[in-house]
Amino acid sequence: MTITVGSQAPDFTLKDQDGQLVSLSDYRGKKNVLLVFFPLAFTGICQGELDAVRDNLPRFDNDDTATLAISVGPSPTHKIWATESGFTFPVLSDFWPHGAVAEDYGVFNFDAGIANRGTFVIDRDGIIRFAEMNGPGEARDQRLWTDALAALT
């Protein structure tokens, strides 16, 4: 992983599942950000991880924290998946240039053409305070995320 704790988080602007532009810098000075890269919509582990975010949303999306999920999939696919799954947080498309944001964060899997399971907690100043990366097929422990977010308060 090329991005490390203490580094400035690379800014980006991507379309969400509703076609709206979302920038990381929109949250600067306002909220911490939980940034969750996932390989592909409609797949087992990705579904389970984002379902857990949805089911525990007050932990991950509240007055102090915003959650952004990112995949290389296109926005129309994310729209269907988010609607069917009840995801109310932004599901962003890193479709074109393909995987550019995942690459900036050091989580792009060049062999598979998808993002690995990268997770970043970014504070209000845009500094990465937690970073992890799991490969495809390796589920994440979301307790690490809640601990990292709790450390910011």
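Peer 1: Describe the pairing of strand E9 (residues 128–134), and please don't skip the residues or the numbers.
Peer 2: Two strands pair when backbone bridges link them, and strand E8 (residues 117–122) and E9 are joined in this way by 6 bridges, in the antiparallel orientation. By the bridge assignment, Arg117 is partnered in E9 with Asn134. Where E8 folds back onto E9 in an antiparallel hairpin, the turn is made up of 5 residues, including Gly126, whose phi is positive at roughly 85 degrees.

Peer 1: Tell me about the pattern of salt bridges, and name the residues and values.
Peer 2: In total, this model carries 8 salt bridges according to the counting rule given. The partner of Arg54 in a salt bridge is Asp55, and the shortest N-O contact between them spans 2.8 Å. Across the salt bridge formed by Arg143 and Asp141, the nearest N and O atoms sit 2.9 Å from each other. Each of Glu49, Arg117 and Arg140 takes part in one network of salt bridges that share partners.

How each quantity is defined
Residues numbered from 1 in each chain as written. Predicted model: local features only at pLDDT ≥ 70, side-chain atom pairs only at ≥ 80, totals over all residues. Heavy atoms only, no water. Pairing = 2+ DSSP bridges. Helix = DSSP H or I, 4+ residues; strand = E, 2+ residues; numbered from the N terminus. Salt bridge = Lys/Arg side-chain N within 4 Å of Asp/Glu carboxyl O.

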